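# A look at the structure
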Amino acid sequence: MNLRHQIQRIALRWPAYGYRRVHAELLRQGRSVNHKRILRLMRADNLLCLRRRKFLLTTDSQHGLPIYPNVAEEMVLTSINQLWVSDITYIRLQVEFVYLAVLLDAFSRRWTARSDSRRWNSIF
């Protein structure tokens, strides 16, 4: 009960502490206890912290620009190469961002690859 009381005091003082930090704090206070026991006790007392992730907003939907209708919404696809869809996204690396563009065939849901680079250069 004494250990549980100490864990509760630490969790109330620092609500963002997880079981690892609580374990380190107990070690600093001179308590020798296993981290798995601390995790089990914190889980039983519902003291585990929930980390809030920073939400990164990348799309601005509240703009005054015209929104074009989706003409492909009512298409009935019967074979390949009738409708291509694409998307672009960025991937965060340690030092920079790289962009990934994908072109898919909507019927087969496979990415399209063309060997004629001159045609692709004229499209993009």
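Residues numbered from 1 in each chain as written. Predicted model: local features only at pLDDT ≥ 70, side-chain atom pairs only at ≥ 80, totals over all residues. Heavy atoms only, no water.

## Quick look at a positive patch on the surface
Which entries qualify depends on this criterion: Each patch is assembled from residues with relative accessible area greater than 30% and no salt bridge, linking like charges that lie within 9 Å and nonpolar side chains (Val, Leu, Ile, Met, Phe, Trp, Tyr) that lie within 5 Å. Accessible surface is estimated by sampling points in the Shrake-Rupley manner with a 1.4 Å probe; for residues, cover comes only from the protein chains shown. For this analysis, a salt bridge means a side-chain nitrogen from Lys or Arg found within 4 Å of a carboxyl oxygen belonging to Asp or Glu. Counting rule for charge: Lys and Arg are taken as positive, Asp and Glu as negative, and neither His nor the chain ends is counted. We put the charge of a Lys on NZ, of an Arg on CZ, of an Asp on CG and of a Glu on CD. Elements are defined by DSSP. Helices are runs of H or I of four residues or more, strands are runs of E of two residues or more, and each kind is numbered from the N terminus.
A surface patch of positive charge is lined by R20, R21, R51 and R53. Locating R21 in the fold gives a position in helix 2 (residues 19–28).

## A look at the sheet that holds strand 2 (residues 97–105)
The criterion, for reference: In this analysis, strands are considered paired if DSSP registers two or more bridges between them.
Taken together, 3 strands build an open sheet; the order of strands is 1-2-3 and the sheet is antiparallel. The sheet terminates laterally at strand 1 (84–92) and strand 3 (110–111), the two strands that pair on one side only. Judged from the 2 bridges that link them, strand 2 and strand 3 form a sheet pairing that is antiparallel. Paired with D105 across the bridge in strand 3 is R110.

## As for the packing of aromatic side chains
Quick note on the threshold: Think of it this way: a Phe, Tyr or Trp ring, Trp meaning its six-membered ring, pairs with another when their centres are within 6.5 Å, and the plane angle makes it stacked under 30 degrees, edge-to-face over 60, tilted otherwise. When a residue's accessible area, from a 1.4 Å probe over protein chains only, is under 20% of the maximum for its type it is buried; when over 50% it is exposed; and in between it is partly exposed.
Throughout the structure, instances matching the rule amount to 2 aromatic pairs. Each ring, one from W14 and one from Y17, has its centre 5.0 Å from the other, and the planes form 20 degrees; the classification is stacked. Taking the relative accessible area as the measure of exposure, W14 reaches 29% and is therefore partly exposed. For Y17, a relative accessible area of 17% gives the class buried. Plain terms: the ring middles of Y90 and F97 are 5.0 Å apart, the flat faces sit at 85 degrees to each other, and that makes the pair edge-to-face. With a relative accessible area of 43%, F97 lands in the partly exposed category.

## Brief notes about the packing of helix 1 (residues 2–13) against helix 2
Basically, it comes down to this: To get an axis, fit a line to the C-alpha atoms, keeping to the stretch in contact for a helix; angles then go from 0 to 180 degrees between the N-to-C directions. Crossing handedness is read from the near helix: turned anticlockwise from the far helix by less than a right angle, it gives a left-handed crossing, and turned clockwise, a right-handed one. Two residues form a contact once any of their heavy atoms are found within 4.5 Å. Residue classes follow a fixed rule: Ala, Val, Leu, Ile, Met, Phe, Trp, Tyr, Cys and Pro count as nonpolar, while Asp, Glu, Lys and Arg count as charged, and any other residue, Gly among them, counts as polar.
One can describe the packing of helix 1 onto helix 2 by two numbers: an axis separation of 10 Å at closest approach and a directional angle of 115 degrees. Crossing handedness for the pair helix 1 and helix 2: right-handed. The segment helix 1 lies against helix 2, with L3, Q6, I7 and I10 engaging V22, E25 and L26. Here the contact of helix 1 with helix 2 is composed, by residue class, of 5 nonpolar, 1 polar and 1 charged.

## A closer look at helix 2
Definition in use: Starting at the helix axis, one direction is taken to each C-beta atom, and the arc is that of these directions.
Three or more residues of helix 2 are buried, namely Y19, V22, H23, E25 and L26. Seen from one end, helix 2 has its buried residues packed into an arc of 165 degrees, which puts them on one side. More than 90 degrees from the buried face of helix 2, the exposed residues found are R20 and R28. Each element contacted by the buried residues of helix 2 is listed here: helix 1 and helix 3 (35–44). Looking at the residues trailing helix 2, positive phi occurs at G30, about 95 degrees.

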